[in-house]
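# Coordinate analysis (summary)
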Amino acid sequence: MVQITYYGHSCFMVNLAGTKILFDPFITPNELAKDIDITTINPDYILLSHGHGDHVADAVSIAKQSGAMCIGVYEVMSWLNAQGVKNTHEMNTGGSREFDFGKAKLVNAVHSSSMPDGAYGGNPIGFVITGKEHTFYYAGDTALTMDMKLIPERHKLDFAFLPIGDNFTMDYIDAARAAEFIKCDDIIGMHYDTFGYIKVDHEAAQNAFSQKGKTLTLMKIGETLEK
Ligand code: NI
Ligand code: MN
């Protein structure tokens, strides 16, 4: 069983067979997520795709209150260490490692990365997570890239989180093409509606996917779904 809870923007809690993995916490600065109380969020792991504020804003406070292990590239983990977060595991693009939820592999993302204080953030990445029952891809912030075609050569994805909001990442047309590249029919949208630049027409976005025989799920903030 996998349970997915949406906290807005690109932040999801994935409960993978009882282990809770939080991706890219950006909650307290997000006006759309004002009903979410971050003091109630206690993951076992926090996975960070890159250093931008709209992905790490609440990482330090949630890491400290939960004691969760943080996973991401070396530079993002070093920045967390400097903020007093000690439970970190640094990796880099192309690497994978076994954790108690399964395997996490860092894959390429075409974007940029710096920390909120201007420190160097290393390379932006996405994650392929291989659990006991489910395998999924969390793309982070990225353009459509041919590298996505490498993923299904080794991983059979059950579902994937893709950015759809345009301007800072690929748009939903390219995201639907990405769904083809990764050979995955079940897509959850992220990185849309939070700011003016990335507002999307939900129906048009979902049509772009259904035309390719794929499903785009746009979760409500606070909603939990089960797979
Ligand atoms: Ni970004
Ligand atoms: Mn972003």
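Structure's up top.
This is a predicted model, so every value here is computed, not measured.

## A look at the sheet that holds strand E7 (residues 96-99)
In spatial order, the strands read E7-E8-E9-E10-E11-E12-E13; together these seven strands make up an open sheet with mixed pairing. Strands with a single pairing partner mark the edges of an open sheet, and in this sheet they are E7 and strand E13 (215-217). Within this sheet the neighbouring strands show an average axis-to-axis angle of 20 degrees, counted without direction.

## Here we look at the sheet that holds strand E2 (residues 12-16)
Read across the sheet, seven strands follow the order E6-E5-E4-E3-E2-E1-E14 without closing on themselves; strand pairing throughout is mixed. Across the chains shown, the open sheet's two edge strands, defined by having one partner strand only, are strand E6 (88-91) and strand E14 (224-226). Within the sheet, the average angular offset between the axes of one strand and its neighbour, ignoring direction, is 20 degrees. Relative to strand E4 (residues 45-47), strand E3 (residues 19-23) runs parallel, the two sharing three bridges. Of the residues in E4, the one forming a bridge with isoleucine 21 is tyrosine 45. Taken strand by strand, helix H3 (residues 74-82) contacts strand E5 (69-73) and E6, and its axis lies near 140 degrees from that of E5.

## Some thoughts on the environment of alanine 68
Along the chain, alanine 68 falls in the loop between helix H2 (59-66) and E5. What makes alanine 68 buried here is its relative accessible area of 1%. Taking the C-alpha atoms as reference, alanine 68 lies 9.8 Å from leucine 47; in sequence the two are 21 residues apart. Apart from residues no more than four positions distant in its own chain, alanine 68 is found in contact with Pro43, Asp44, Tyr45, Ile46, Ala63 and Asn87.

## Structural notes on the packing of helix H5 (residues 172-181) against helix H6 (residues 202-210)
The packing of two helices is summarised by the inter-axis angle and the distance between the axes. In contact at an axis separation of 9 Å, H5 and H6 are set at 30 degrees when each is read in the N-to-C sense. When the axes of H5 and H6 are compared, the pair comes out roughly parallel. Handedness of the crossing formed by H5 with H6: right-handed. Residues Tyr172, Ile173, Ala175, Ala176 and Ala179 of H5 form the contact with H6, whose participating residues are Ala204, Ala205, Ala208 and Phe209. Among the residues making up the contact of H5 with H6, the classes are represented as nine nonpolar, no polar and no charged.

Here is what the cut-offs are and how they apply
- Residues numbered from 1 in each chain as written.
- Chains lettered and ligands numbered in written order.
- Predicted model: local features only at pLDDT ≥ 70, side-chain atom pairs only at ≥ 80, totals over all residues.
- Heavy atoms only, no water.
- Pairing = 2+ DSSP bridges.
- Helix = DSSP H or I, 4+ residues; strand = E, 2+ residues; numbered from the N terminus.
- Axes fitted to C-alpha atoms, helices over the stretch in contact; angles between N-to-C directions.
- Contact = heavy atoms within 4.5 Å.
- Buried < 20%, exposed > 50% of the residue type's maximum accessible area, 1.4 Å probe, protein only.
- Parallel < 35°, antiparallel > 145°, perpendicular 65-115°, else oblique.
- Left-handed = near helix turned anticlockwise from the far one by under 90°.
- Nonpolar A, V, L, I, M, F, W, Y, C, P; charged D, E, K, R; others polar.

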